[in-house]
Amino acid sequence: MKICVAQAKAVKGDIRSNIENHKKIIDLAIAHDADIIIFPELSITGYEPTLAKDLAICIDDECLNDFQHISDEKKVTIGIGAPLKGDTGITISMVLFQPGKDREVYAKKYLHADEDPYFVSGQSTVSLLGEESDVALAICYELSVPAHVEDAYKSGAAVYIASAVKSTGGIDRAIARLSEIGEQYEMTVLLANAVGESDGFECAGKSGIWDNTGVLVNQLDATSEGILVFDTKTRSVIAATV
């Protein structure tokens, strides 16, 4: 199985433009035989908490239909970040498109205090992904919550993917934590981070992959859009920029 993390730049609040950009990155990932493609946090709107009320969509929104078509045709799983409307409020979610399946959601359970005014803790409809059901998902702040990775480990995760929007001021702490997770839990760890500006700060990029000893295997730079593709069989990594 080949797992891809995408490093993408969002246009603030422009869902249509961001979807088209996602499709270009997905094409690149498919060209490298990716089976799973995961984008950064809130990737189709940009990370803009103060705009979440206006930007939030429903899981069945027609604007997302192209992702299901691609998933079905190319037999690939795609995870895109979106603010989703729910019964209790708006969640920071990853909408998952899987071949021949209804849309599922991984929703951010552990929110940063800064997010509380705009979002609510979410409930997921999906647990682990992949051929062996051993790929766990996390959204940004959750990687800093010990209970989150502990739950993933106890559920049988061998791979831990963090979908994030880490700033230039926060990326070093995140990288240290991801390496620590890899070493402590003997999991391969992947980071899909954003580039460009979000919510008034500069996103740091540096999406990366750490092996199950915590050693960095490969990493993108701080500004380019691109992908990293990890082969779970050969343990090799391919990097490509858009």
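Presented here is a report on the structure given in the accompanying data block. Only a predicted model underlies this, so the values are computations on that prediction, with no experimental measurement involved.

Some remarks on the pairing of strand β7 (residues 159-163)
Counted residue by residue, β7 has 5 buried out of 5 residues, so it is predominantly covered. With 5 bridges joining them, strand β6 (residues 135-139) and β7 adopt parallel strand pairing. Counterpart to A136 in the pairing with β7 is Y160. Regarding the hand of the β-α-β motif, the stretch spanning β6, helix α4 (residues 146-154) and β7 is right-handed. Where β7 lies against strand β8 (residues 188-192), 5 bridges are found, and the strand directions are parallel. Across the sheet, the residue bridging to I161 is L190, located in β8. Regarding the hand of the β-α-β motif, the stretch spanning β7, helix α5 (residues 171-185) and β8 is right-handed.

Things to note about empty space enclosed by the protein
For the structure shown, the criterion picks out 1 cavity of 30 Å³ or more. Roughly 80 Å³ of volume is contained in the largest cavity. Lining the largest cavity are 14 residues, with A8, A10, S43, G46 and A194 sitting closest to its centre. The residue inventory of the lining of the largest cavity, partitioned by class, reads 9 nonpolar, 3 polar and 2 charged.

Examining α4
Among the residues making up α4, those that are buried are H148, V149 and A152. Around the axis of α4, the buried residues are gathered within 90° of arc, so they sit on the same side. Relative to its buried face, α4 has exposed residues pointing more than 90 degrees away, namely P146 and K154. Contacts made by the buried residues of α4 are with β5 (104-107), β6, β7 and α5. Phi turns positive, to about 100°, at G156, one or two residues after α4.

So, the layout of surface pockets
Empty space within the largest pocket amounts to approximately 450 Å³. As for the largest pocket, its lining consists of 21 residues, of which Y47, H112, C140, V165 and K166 are closest to the centre. Considered class by class, the residues forming the lining of the largest pocket number 9 nonpolar, 4 polar and 8 charged. As for the second largest pocket, its lining consists of 17 residues, and the residues nearest its centre are Y106, S124, L137, H148 and D151. Of all the elements in the fold, those that place two or more residues in the lining of the second largest pocket are β5, β6 and α4. Broken down by element, the residue count for the lining of the second largest pocket peaks at 3 residues, all from α4. Here the lining of the second largest pocket is built from residues that sort into 8 nonpolar, 6 polar and 3 charged.

Digging into the packing of aromatic side chains
Taken as a whole and assessed by the stated rule, the structure comprises 3 aromatic pairs. Both rings, one in Y47 and one in F201, keep their centres 6.3 Å apart while their planes meet at 55°; by these two values the pair is tilted. Here Y47 is found in the loop between β2 (36-38) and α2 (52-55), whereas its partner F201 is found in strand β10 (residues 201-204), with 154 residues between them in sequence. According to the relative accessible area criterion, Y47 is buried, its value standing at 10%.

Here we look at the side chain of E115
With respect to the element layout, E115 can be found in the loop between β5 and β6. Of note is the side chain of E115, whose polar atom sits 3.0 Å from the side chain of K108. With residues near it in sequence (within four places) discarded, E115 still touches E41, Y47, I92 and K108.

Comments concerning the sheet that holds strand β14 (residues 237-241)
Pairing within the open sheet is mixed, and its 7 strands lie in the order β5-β4-β3-β2-β1-β13-β14. Of all the strands in the sheet, the pair left with one neighbour each is β5 and β14. The sheet shows a mean angle of 25° between the axes of neighbouring strands, taken without regard to direction. Here strand β4 (residues 90-97) runs beside β5; their pairing, made up of 4 bridges, is antiparallel. Note on β5: the bridge partner recorded for V95 is V105.

Rules behind the numbers
Residues numbered from 1 in each chain as written. Predicted model: local features only at pLDDT ≥ 70, side-chain atom pairs only at ≥ 80, totals over all residues. Heavy atoms only, no water. Buried < 20%, exposed > 50% of the residue type's maximum accessible area, 1.4 Å probe, protein only. Helix = DSSP H or I, 4+ residues; strand = E, 2+ residues; numbered from the N terminus. Pairing = 2+ DSSP bridges. Right-handed = clockwise from strand over helix to strand, strands pointing away. 1 Å grid on protein atoms, 1.4 Å probe; cavity = no way out; pocket = protein on both sides within 12 Å on 5 of 7 lines; lining within 4 Å. Points joined across faces, edges and corners; volume = space filled by probe spheres on them. Nonpolar A, V, L, I, M, F, W, Y, C, P; charged D, E, K, R; others polar. Arc of directions from axis to C-beta. Contact = heavy atoms within 4.5 Å. Phe/Tyr/Trp six-rings, centres within 6.5 Å; stacked < 30°, edge-to-face > 60°. Polar contact = N/O pair within 3.5 Å; in protein donor to acceptor, adjacent residues only side chain to side chain. Axes fitted to C-alpha atoms, helices over the stretch in contact; angles between N-to-C directions.

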